[in-house]
Amino acid sequence: MTVPNTLLLIAILFALLALIGLVATVGAVKKRRVFGTALTLLTALLMLSLAALFGTVSASLQGYRALTREELAAVVVVQPGEQQRFTARFTLPDSTVQEFSLAGDQLYVDAHILKWKPIANIFGLHTSYELDRVGGRYESLEDETNKVRTVFSLAKDKPVDMFHLRRRFEMLNPLVDAEYGSATFVGSGKPATFRVLVSTTGLLIRTVEPDSGR
């Protein structure tokens, strides 16, 4: 089971506890138990808040993958064209294939990486990553400034993104240790197959040798 699904189950559990608390609150009101009413209502609201928190975290982590070692993020086949154009075909770990037509002398890929604090590890949250964008990169700064630029999204569509939530809300500070972007690039002047890898230190690209089978 993936981390987002685990968190969603936790959110559902807290939501059920909140519902039970609200039912108990109604019962306490009918019996005119002021102390009992206040206590059960506060408990229900706490459970409801936790359900909302875990539900939000679950939704914002859709598309992110747990990172415990050096992981294969994508296999990319590059085919150069004319006039600083090339195509890049990405095969992701879930077997999704995406092809992009890019301009430049180099293939550029970046990613978002989230590192969680030990308290978050208790709930199964560990360092995770998501590929964010792919683009073409020119070797010449003049070309980079004046020629056509191409960039496409690699990220999965989701209602909220933990990477952006972390920057907006300080309340997440106790959970997230660090969030940072990492990028890498490689020449695209000749046909080649690359493995885009991600580790806790960031992205890297390795060329796949024709006879390696990897």
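For the structure itself, consult the block above.
Residues numbered from 1 in each chain as written. Predicted model: local features only at pLDDT ≥ 70, side-chain atom pairs only at ≥ 80, totals over all residues. Heavy atoms only, no water.

K.L.:
Just checking my understanding: could you explain the overall build of the chain for this structure?
P.N.:
When helices and strands are counted, the chain shows five helices and ten strands. Residues classed as buried in the chain amount to 39% of the 214 residues present. The contacts in the chain between residues at least 6 apart in sequence include a share of 61% that link residues at least 24 apart. Carbon and sulfur atoms form 59% of the exposed surface of the chain, whose accessible area is close to 12,600 Å². (Helix = DSSP H or I, 4+ residues; strand = E, 2+ residues; numbered from the N terminus. Buried < 20%, exposed > 50% of the residue type's maximum accessible area, 1.4 Å probe, protein only. Contact = heavy atoms within 4.5 Å. Areas by Shrake-Rupley, 256 points an atom, 1.4 Å probe, with all protein chains shown as cover.)

K.L.:
How do you make sense of the sheet that holds strand β9 (residues 192-199) when you look at a structure like this?
P.N.:
Hydrogen bonds between backbone atoms are what pair the strands of a sheet, whose relative direction is either parallel or antiparallel. Read from one edge of the open sheet, five strands run β4-β3-β2-β9-β10, paired in antiparallel fashion. Two strands close off the open sheet at either side, each with one partner strand: β4 (97-103) and β10 (202-207). Strand after strand, the sheet turns through a mean of 25 degrees between neighbouring axes, direction not considered. As judged from the six bridges shared by strand β2 (residues 71-80) and strand β3 (residues 85-91), these two strands associate in the antiparallel manner. Among the inter-strand pairings, V76 is bridged to a residue of β3, identified as F90. (Pairing = 2+ DSSP bridges. Axes fitted to C-alpha atoms, helices over the stretch in contact; angles between N-to-C directions.)

K.L.:
Before we go on, may I ask you to explain a nonpolar patch on the surface in this structure?
P.N.:
Residues L42, L45 and L48 make up a contiguous nonpolar surface patch of roughly 300 Å² in combined accessible area. Relative to the helices and strands, L45 resides in helix α2 (residues 34-60). (Patch = residues over 30% accessible without salt bridge, like charges linked within 9 Å, V, L, I, M, F, W, Y side chains within 5 Å. Salt bridge = Lys/Arg side-chain N within 4 Å of Asp/Glu carboxyl O.)

K.L.:
What exactly am I supposed to notice about the nonpolar core here?
P.N.:
Nonpolar side chains in soluble globular proteins tend to end up buried together. One finds V76, F90, L107, V109, L131, V134 and V196 to be the most contacted residues of the largest nonpolar core, which totals 25 residues. Where this core is concerned, the elements lending two or more residues are β2, β3, β4, β5 (106-116), β6 (128-137), β9 and β10. Apart from the residues within four sequence positions on either side, V134 is in contact with F90, F100, L102, L107, Y108, V109, T150, V151, F152 and L154. (Core = buried A, V, L, I, M, F, W, Y, C linked by side-chain atoms within 4.5 Å.)

K.L.:
It is not clear to me how unusual backbone geometry should be interpreted in this structure. Could you clarify?
P.N.:
A positive phi angle is found at Q83, which is not glycine, with a value near 55 degrees. When you line up the elements, Q83 lands in the loop between β2 and β3. If you check the backbone angles, S95 has positive phi at about 75 degrees while not being a glycine. Relative to the helices and strands, S95 resides in the loop between β3 and β4.

K.L.:
Please explain the pairing of β2 as it appears in this structure.
P.N.:
Where β2 meets β9, seven bridges bridge the pair, whose relative direction is antiparallel. The residue of β9 that forms the bridge with V78 is A192. Count of turn residues in the β2/β3 antiparallel hairpin: four residues, of which Q83 carries a positive phi of about 55 degrees.

K.L.:
Just to check I follow, could you spell out the packing of aromatic side chains for this structure?
P.N.:
The geometry of two aromatic rings is summed up by the distance between their centres and the angle between their planes. Counted by the stated rule, this structure contains two aromatic pairs. On the basis of an interplanar angle of 85 degrees and a centroid distance of 5.7 Å, the ring pair of F90 and F100 is categorised as edge-to-face. Of this pair, F90 sits in strand β3 while F100 sits in strand β4, and the two are ten residues apart along the sequence. Considered together, F90 and F100 belong to a single accessibility category, that of buried residues. Through a chain of ring-to-ring contacts, the aromatic side chains of F90, F100 and F152 assemble into a single cluster. Lying across the ring of F185, R137 places its NZ or CZ 3.8 Å from the centre. (Phe/Tyr/Trp six-rings, centres within 6.5 Å; stacked < 30°, edge-to-face > 60°. Lys NZ or Arg CZ within 6 Å of the ring centre and 35° of its normal.)

K.L.:
Honestly, the environment of D105 in this entry has me stumped. Any pointers?
P.N.:
Inspection of the secondary structure puts D105 in the loop between β4 and β5. Separated by 38 residues in the primary sequence, D105 and D143 have C-alpha atoms spaced 9.8 Å apart. Apart from residues no more than four positions distant in its own chain, D105 is found in contact with Q84, R137, Y138, E139, S140, G187, S188 and G189. Within polar-contact distance, the side chain of D105 engages the side chain of Q84 at 2.9 Å. Only 3.0 Å separates the side chain of D105 from the backbone nitrogen of E139, close enough to count as a polar contact. (Polar contact = N/O pair within 3.5 Å; in protein donor to acceptor, adjacent residues only side chain to side chain.)

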